[in-house]
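# Coordinates in review
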Amino acid sequence: MDRLTEEQALALGMARSFAAERLKPVAAALDRDASWPRAQLAGLAELGFMGMTVPEADGGAGFDPLTYALVIEALATGCASTAVIVSVNNSLVCEPIAKFGTDVQKRAWLPLLATGQRLGCFGLTEPSSGSDAAHMDTCAKRDGAGWRISGSKNWITNGPHADVMVLLAATQKQLGPKGVSAFLVPMDAPGVSRDRHDEKLGIHAAHSCTISFDEVSLGSDALLGAEGQGFKIAMATLDSGRIGIAAQAIGIAQAAFDAAFAYSQQRKAFGSLIKDKQAVQFMFADMATELRAARLLVAQAASAKERGGRYTREAAQAKLFASEMATRVTHRALQVFGGYGYSTEYPAERHYRDARITEIYEGTSEIMRLVVAGQMLKDAASLSAT
Ligand SMILES: Cc1cc2nc3c(=O)[nH]c(=O)nc-3n(C[C@H](O)[C@H](O)[C@H](O)COP(=O)(O)OP(=O)(O)OC[C@H]3O[C@@H](n4cnc5c(N)ncnc54)[C@H](O)[C@@H]3O)c2cc1C
């Protein structure tokens, strides 16, 4: 990360300026009012940040995985909600369309999603299945040449504002994961309905909601990838998404660190600044070390992705460590503020609330541990077989 290319440094510089000038000043108000950051998203689209994972040939910025992670991290230092809105559009929507879509699907959606004229969401979770994602009730039945979809998805980030969903539905429920298929569903299709946005602990400006499908009729061209390939598409998509969430977690933790560090330079107790108390210095030393470790894991996962092939373990390790690190760092940063940390006058409490979700969405910490352990056991078994 010390040696960024000119392009990487340019993108990072733009993201940092945007975060400092356009996100940080409004983040508290967006959070307080749970306001959707419409103007900020328009600005990010102008910079090409809504289509970072879209190849240039398809109308996007075509960033490499490290640049993408650096930009998401920088945006999250300004506003965690805005960062996840951007991450979902890029990782969970544009990327699977770019990777698994037909030419027609790519042409129909990518240029519009990449330029912010349309927004995407990703529908995997259901009211009765989250971690156990393959056991879904939403089903897609063949209907002439097309499909008919019924069911509901909940916690859908960007859901209230999205124009299209990458939807996972059971096409042959009895086959479990092998009976899941992916679809591109326009959100204005008859039979699609959305609830009011969810009320939650943090990331208030990143609206999510429950979306229901009542006999939604789709053409044959709605299928993304092959029939029965949906679960694989979802898991590959989440590998990439997890790098984005790890980067978001680092951005939130860095913002918490910076605010606490600045505060420690002006708050006095027992006749001296708290920055001079060794106990406080140790908190900063631990926070800075953990931040650095998380960045290295993200950089490693990004470079594994760049090399091609599977990077499931690297992405899961990066997300697991970065998200739990963000919880620890925001907890300590709030402590540095003392009672003021508990007040909405300072950003520490928002960072503390915002960090927590990174341990849950796109796979909980427990699921990350299962993924890492599963990959280790697989590697050990293939070694002993040779
Ligand atoms: C704000 C927010 C935004 C979200 N955005 C999206 C989105 O855009 N699209 C989408 O599809 N989903 C989204 N989600 C859903 C999210 O991915 C799920 O909440 C998450 O995967 C966990 O699923 P669950 O809530 O059903 O918990 P459960 O799966 O019910 O898990 C409950 C607890 O049990 C643990 N657990 C479950 N299985 C195991 C196991 N085998 N071993 C050990 N522990 C286990 C979990 O780790 C957790 O601690 C979002 C969620 C939130 C809160």
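Residues numbered from 1 in each chain as written. Predicted model: local features only at pLDDT ≥ 70, side-chain atom pairs only at ≥ 80, totals over all residues.

### With respect to the pairing of strand S3 (residues 146-157)
Heads up, the rule is: One requirement defines pairing of two strands: DSSP has to find at least two bridges between them. Helix and strand labels come from DSSP, where a helix needs a run of H or I of at least four residues and a strand needs a run of E of at least two; each type is numbered from the N terminus.
Inspection of the sheet shows strand S2 (residues 139-143) paired to S3 by 5 bridges, in the antiparallel sense. Note that in S3 the partner of Cys 139 across the bridge is Ser 150. Between the end of S2 and the start of S3, which pair antiparallel, lie 2 residues, with Gly 144 showing a positive phi angle near 65°. Summarising the sheet, S3 and strand S7 (residues 208-218) pair through 8 bridges and their orientation is antiparallel. What sits directly across from Lys 153, in S7, is Ile 211.

### Here we look at the domain arrangement of the chain
The criterion, for reference: Start and end points for every domain follow an automatic or database-based domain assignment. Two residues form a contact once the distance between their C-beta atoms, set from the backbone, is within 7 Å. Three categories are distinguished: nonpolar for Ala, Val, Leu, Ile, Met, Phe, Trp, Tyr, Cys and Pro, charged for Asp, Glu, Lys and Arg, and polar for the others, with Gly belonging to the last.
Split by domain assignment, the chain resolves into domain 1 (6-119), domain 2 (121-228) and domain 3 (232-380). Relative to domain 2, the C-alpha centre of domain 1 lies at a distance of 22 Å. At the interface, 24 residues of domain 1 touch 19 residues of domain 2. Secondary-structure elements contributing two or more residues to the side of domain 1 that touches domain 2 are helix H1 (6-33), helix H4 (80-100) and helix H5 (103-114). Per-element accounting of the side of domain 1 that touches domain 2 gives the leading share, 11 residues, to H4. Taken together, the residues that form the side of domain 1 that touches domain 2 break down as 16 nonpolar, 6 polar and 2 charged.

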